[in-house]
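Report on the structure
Residue strings, one per chain:
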Amino acid sequence: MQRCVVSMALRLTTVCFIILVWNIIAFCVVEGYGSSRRANVTVETIHGDIYDCVDIYKQPALLHPMLDKERIKRTIAKELEKQRLKAKKPQKDQFSYFKAEEYWLNKEGCPIGTVPIRRMTKEHHLTNGFPTDDIIDFAGISIKASPAINKFTGASTIVTLYNPQVNGPGQYTSATIFLESGDATNLEQIQTGWIVHPQLNGDGRTRLYTYWTADGQQKTGCYNSICPGFIQLSSEIPVDYAFPKVSLPQYDSQELQIQIYKDQEHYLQLFSVFVIGLWPDDIFKALRNGSERVRYGGQAHTPAGETVSPPMGWSILGRL
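Conventions and cut-offs
Residues numbered from 1 in each chain as written. Predicted model: local features only at pLDDT ≥ 70, side-chain atom pairs only at ≥ 80, totals over all residues. Heavy atoms only, no water. Salt bridge = Lys/Arg side-chain N within 4 Å of Asp/Glu carboxyl O. Helix = DSSP H or I, 4+ residues; strand = E, 2+ residues; numbered from the N terminus. Buried < 20%, exposed > 50% of the residue type's maximum accessible area, 1.4 Å probe, protein only. Pairing = 2+ DSSP bridges. Axes fitted to C-alpha atoms, helices over the stretch in contact; angles between N-to-C directions. Contact = heavy atoms within 4.5 Å.

A closer look at the pattern of salt bridges
Counted according to the given criterion, the structure contains 12 salt bridges. One salt bridge in this structure joins Asp 49 and Arg 118, with 3.3 Å as the shortest N-O distance. Here Asp 49, found in the loop between β1 (42–44) and β2 (50–55), pairs with Arg 118, found in strand β3 (residues 114–118); they are 69 residues apart in sequence, far enough to count as distant. Residue classification places Asp 49 among the buried residues on the basis of a relative accessible area of 6%. Accessibility expressed as a relative area gives 12% for Arg 118, which makes it buried. Where Arg 293 meets Glu 292, a salt bridge forms, and the shortest distance between an N and an O atom there is 3.7 Å. The buried category is assigned to Arg 293, whose relative accessible area is 18%. With a relative accessible area of 28%, Glu 292 lands in the partly exposed category.

Describing the sheet that holds β2
With antiparallel pairing, the 3 strands of this open sheet are ordered in space as β1-β2-β3. Lying at the two open borders of the sheet, with one neighbouring strand each, are β1 and β3. Adjacent strand axes in the sheet meet at a mean angle of 35° when their direction is disregarded. Pairing of β1 with β2, which is carried by 3 bridges, proceeds in the antiparallel orientation. From the neighbouring strand, Val 43 faces β2, where its bridge partner is Tyr 51.

Some details on the environment of Leu 187
Here Leu 187 is to be found in the loop between β6 (172–181) and β7 (188–196). Counting along the chain gives 26 residues from Leu 187 to Thr 213, while the straight-line C-alpha distance between them is 7.4 Å. Leaving out residues up to four positions away in the same chain, Leu 187 has contacts with Glu 180, Ser 181, Gly 182, Thr 213, Ala 214, Asp 215, Gly 216 and Arg 293.

The following block contains the structure:
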């Protein structure tokens with residue numbers, strides 16, 4: 001009887017040990033998966049902005065339910081290979097407008113394979129669209145595709161970088177390029193350029209920005225990486241990059257070349273060199289085949305009830 005009791009106790013101890021081991025393994029697997037989705041590297045800019053270096057394949061943009069994730073991952077893989085090859089080559093002087101060592105406190109930005117996603121406050125995430133009761137002034141030119149052209153597959157512009165002052169957090173001003181298809185009720189639109197938008201960015205700096213909508217801002221669309229949509233590709237230049245140099249009246253002129261071009265997706269590129277990211281075709285319908293209109297110009301946004309509008313940005317030169 002004593003031997004049976006000892007044997008049962010031994011078996012019970014063995015079972016408990018096995019259960020404990022499996023629990024430890026399961027815990028480690030879950031924790032490892034969870035930590036792989038969390039950024040373990042953070043970087044800070046000269047302006048004090050904090051960015052998480054997020055795995056490029058696990059960035060928030062890829063949570064969009066309409067994405068063909070396997071196709072997008074193949075596109076990302078090609079871009080990563082280009083980044084690795086570029087990192088092995090010395091940079092030419094004519095491409096020295098952006099210098100990571102002058103923008104990031106760690107002198108390099110995020111490691112290749114990750115992308116910088118800015119830490120935003122709750123208030124910033126509420127700023128995702130344009131209120132319909134506010135005043136949005138636009139000045140510029142609009143070019144409509146003719147039957148001979150059919151659709152535009154891209155456009156580029158050169159803008160002068162300014163830092164106009166806005167009158168309160170609800171206002172913004174921008175120099176913008178638009179690609180559009182559809183009418184007001186089903187408008188599909190891509191925007192990019194520079195913007196001064198305190199409510200969006202938490203400061204009055206001149207920053208790069210993107211915006212998109214697939215239904216005239218009714219249910220879809222947002223700025224930058226606030227909602228799934230625009231996919232960040234660059235590990236050095238974030239989509240809300242704060243330009244360290246802007247033009248000073250009567251002293252110098254700082255210019256920015258912006259290009260949107262369509263391959264399988266719509267890509268955003270600066271100075272024909274720096275690919276910032278892309279808008280996947282999956283989030284659109286009409287724009288998948290190109291845009292019906294291209295607009296160049298500026299916007300100035302004034303909340304309802306305010307009578308003084310901020311100065312307007314301007315796109316000074318466009319090319320299709």
